[in-house]
Amino acid sequence: MTTPLSPLKVGVAGVGVMGRNHARVLSDIRDFDLTAVFDPDAATADGVAGLYGAKAFTTAADFVAAGLDAAVVATPNRHHADLGVALLEAGIHVLVEKPIAATVADAQRMIDAGKANNRVLMVGQVERFNPAVEAVKRAIAGDEVISIQITRVGPFPPRMGEVGVVIDLAVHDIDIIRHLTDSEITEVQPQLARTRAEREDTALLQFRLANGTIAHITTNWVTPYKVRTLQVATMNKFVVADLITRQVTEYFGQQADGAYQTRAVNSWPAEPLKKELEAFARAIRTGEPPAVTGEDGLRNLEVALRCLGEG
């Protein structure tokens, strides 16, 4: 009879919208024991820590020294690298929210720290774990992908301030494109507009990948309702997914008159964030590379920055 493994002591740094979600889900995963919450705002830190019986910290140094096995970094992007490196150098496994960092150099610092200290560095690209994306990946397996079209639009989120739609939204879809094709983006043709925000709030992004696939992302903060759709054309089928409802439909067997057969593709219900955090625990336990590596995060960031003319 095997002895059950002790839960990993985990902390969450930055408990805004995303950090609170991480805290909620971590508290429900057997592999983790949520013991620490860090936020520079004491009332925020105390409030979230109190919900889960964790200890509240208001400085990064105290959080790093809290005796953790693992940590989720959900602070503003500009703080990801300094905090992430400090945690990794202290021997703590890190899951950092997307984008991995604010700059490519900062991303590389985190990757290097993870390797030097033999610790897991995973990037929180939560859409990878969306059951609809997983269903599309299964549906197109072994088929040659011709094109990918992703629409991710909605109203302006009041919480945003430091970044525009490319870093906040399109990074999800850049990762999905790389994940579905197992290929890298080589050509970038961005069209950006700023209408109501300090940063770009509308983007039409066109890509070509090393394997010849072409892809297009439409994203904005000017649509009054949320849309999250993914369409993939392959040599033999056309697959459409709604990433909100998780409905996936496959069109195949085109007839001479242009008609297709259709079938629904199973998309199992699951909370993507829970699956992501379970994958983080699995990487820590097994020593296998995480589902989304630091290098994946770096590639996604590089493409996003090229779209902004900063790469």
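Scroll up to find the structure.
Model, not experiment: these values are computed from the prediction. (Residues numbered from 1 in each chain as written. Predicted model: local features only at pLDDT ≥ 70, side-chain atom pairs only at ≥ 80, totals over all residues. Heavy atoms only, no water.)

Asker: Would you mind showing me how to read the overall build of the chain here?
Answerer: Looking only at helices and strands, the chain has 9 helices and 14 strands in total. In the chain, which comprises 311 residues, the share counted as buried stands at 52%. Put simply, of all contacts in the chain between residues at least 6 apart along the chain, 66% involve residues at least 24 apart. Only carbon and sulfur atoms are counted for the fraction: they give 50% of the accessible area of the chain, which is about 14400 Å². For the chain, the distance from the average position of its 31 positive side-chain charges to the average position of its 38 negative side-chain charges is 2 Å. (Helix = DSSP H or I, 4+ residues; strand = E, 2+ residues; numbered from the N terminus. Buried < 20%, exposed > 50% of the residue type's maximum accessible area, 1.4 Å probe, protein only. Contact = heavy atoms within 4.5 Å. Areas by Shrake-Rupley, 256 points an atom, 1.4 Å probe, with all protein chains shown as cover. Lys, Arg positive; Asp, Glu negative; His and termini not counted. Charge placed at Lys NZ, Arg CZ, Asp CG, Glu CD.)

Asker: Help me understand the pairing of strand β2 (residues 32-38), please; the structure alone is not making it clear to me.
Answerer: It is a general feature of regular strands that their side chains alternate between the two faces of the sheet. Counting buried positions along β2 gives 5 out of 7 residues, so the element sits mostly inside the fold. Across 6 bridges, strand β1 (residues 8-13) lies against β2 in parallel orientation. Within β2, the position partnered with Val10 by the bridge is Leu34. Regarding topology, helix α1 (residues 17-26) serves as the crossover connection from β1 to the parallel β2, and that connection is right-handed. Pairing of β2 with strand β3 (residues 55-57), which is carried by 3 bridges, proceeds in the parallel orientation. Following the sheet pairing, Ala36 is matched in β3 by Lys55. Chirality of the crossover, the property in question, places the unit of β2, helix α2 (residues 42-52) and β3 among those that are right-handed. (Pairing = 2+ DSSP bridges. Right-handed = clockwise from strand over helix to strand, strands pointing away.)

Asker: Hey, could you run me through the sheet that holds β3 in this one?
Answerer: Within a sheet, each strand pairs with its neighbour through backbone hydrogen bonds, oriented either parallel or antiparallel. Pairing is parallel in the open sheet, where 6 strands are placed in the order β3-β2-β1-β4-β5-β6. Strands at the two margins of the open sheet, each flanked by one partner only, are β3 and β6 (121-124). Adjacent strand axes in the sheet meet at a mean angle of 25 degrees, parallel and antiparallel pairs treated alike. Contacting β2 and β3, α2 runs over the sheet at an angle of about 160 degrees to β3. On the sheet, helix α8 (residues 272-286) packs against β1, β2, β4 (70-73), β5 (93-97) and β6 and is oriented at approximately 155 degrees with respect to β5. (Axes fitted to C-alpha atoms, helices over the stretch in contact; angles between N-to-C directions.)

Asker: Would you explain the environment of Ala66 in this entry?
Answerer: Residue placement: Ala66 occurs in the loop between α3 (60-64) and β4. Looking at Ala66, the relative accessible area reads 27%, which means it is partly exposed. Between the alpha carbons of Ala66 and Gly11 there is a distance of 8.7 Å; along the sequence they are 55 residues apart.

Asker: Please explain the packing of aromatic side chains as it appears in this structure.
Answerer: Each aromatic ring pair is summarised here by two numbers: the centre-to-centre distance and the angle between the ring planes. Throughout the structure, instances matching the rule amount to 5 aromatic pairs. Through a chain of ring-to-ring contacts, the aromatic side chains of Phe238, Tyr251 and Tyr260 assemble into a single cluster. Positioned above the aromatic ring of Phe252, the side-chain terminus of Arg263 is 4.1 Å from the ring centre. (Phe/Tyr/Trp six-rings, centres within 6.5 Å; stacked < 30°, edge-to-face > 60°. Lys NZ or Arg CZ within 6 Å of the ring centre and 35° of its normal.)

Asker: Got a minute to help me understand the nonpolar core in this structure?
Answerer: Nonpolar side chains in soluble globular proteins tend to end up buried together. Residues Ile100, Phe207 and Leu230 are the most contacted members of the largest nonpolar core, which totals 97 residues. Looking at this core element by element, the count peaks at 10 residues for helix α7 (residues 165-181). With residues near it in sequence (within four places) discarded, Leu230 still touches Val136, Ile148, Gln149, Ile150, Ile176, Leu180, Val239, Val240, Ala241 and Leu243. (Core = buried A, V, L, I, M, F, W, Y, C linked by side-chain atoms within 4.5 Å.)

Asker: Help me understand the sheet that holds strand β9 (residues 202-209) in this model?
Answerer: The sheet built from 8 strands is open, its strands ordered β8-β9-β10-β7-β11-β12-β13-β14 with mixed pairing. With partners counted over all chains shown, the strands left at the sheet margins are β8 (185-193) and β14 (261-265), one partner each. Recorded for the sheet is a direction-independent mean angle of 15 degrees between the axes of neighbouring strands. Pairing of strand β11 (residues 222-234) with strand β12 (residues 237-242), which is carried by 5 bridges, proceeds in the antiparallel orientation. Paired with Val232 across the bridge in β12 is Val239. Across the sheet, α7 is in contact with β7 (145-155), β8, β9, β10 (214-220) and β11; its angle to β7 comes to roughly 155 degrees. Where helix α9 (residues 294-307) meets the sheet, it contacts β8 and β9, and its direction lies at approximately 45 degrees from that of β8.

Asker: For this particular structure, what's the right way to read the pattern of salt bridges?
Answerer: Two side chains of opposite charge can pair, provided their charged atoms sit close to one another. Evaluation of the coordinates by the stated rule reveals 20 salt bridges. A salt bridge links Lys115 to Glu295; the shortest N-O distance between them is 3.0 Å. Separated by 180 residues along the polypeptide, Lys115 in helix α5 (residues 104-116) and Glu295 in helix α9 bring together distant segments of the chain. For Arg152, the salt bridge identified is with Asp173, shortest N-O distance 2.8 Å. Here Arg152 is found in strand β7, whereas its partner Asp173 is found in helix α7, with 21 residues between them in sequence. Residues joined by salt bridges that share partners form a network here, namely Arg128, Asp175, Arg178, Glu184 and Asp296. (Salt bridge = Lys/Arg side-chain N within 4 Å of Asp/Glu carboxyl O.)

Asker: How should I be thinking about α5 in this particular structure?
Answerer: What sets the pattern is the α-helix's 3.6 residues per turn: residues three or four places apart point alike. Its 13 residues give α5 an end-to-end C-alpha distance of 18 Å, which sits within 8% of 18 Å, the value for a rise of 1.5 Å per residue. Of all the residues in α5, the buried ones are Asp106, Ala107, Met110, Ile111, Ala113 and Gly114. Projected onto a plane normal to the axis of α5, the buried residues spread over an arc of 160 degrees and lie on a single side. Among the exposed residues of α5, those pointing more than 90 degrees away from its buried face are Ala105, Lys115 and Ala116. The elements touched by buried residues of α5 are α4 (80-89), β5, β6 and α9. Residue Asn118 follows α5 closely and has a positive phi angle near 55 degrees. (Expected span 1.5 Å × (residues − 1). Arc of directions from axis to C-beta.)

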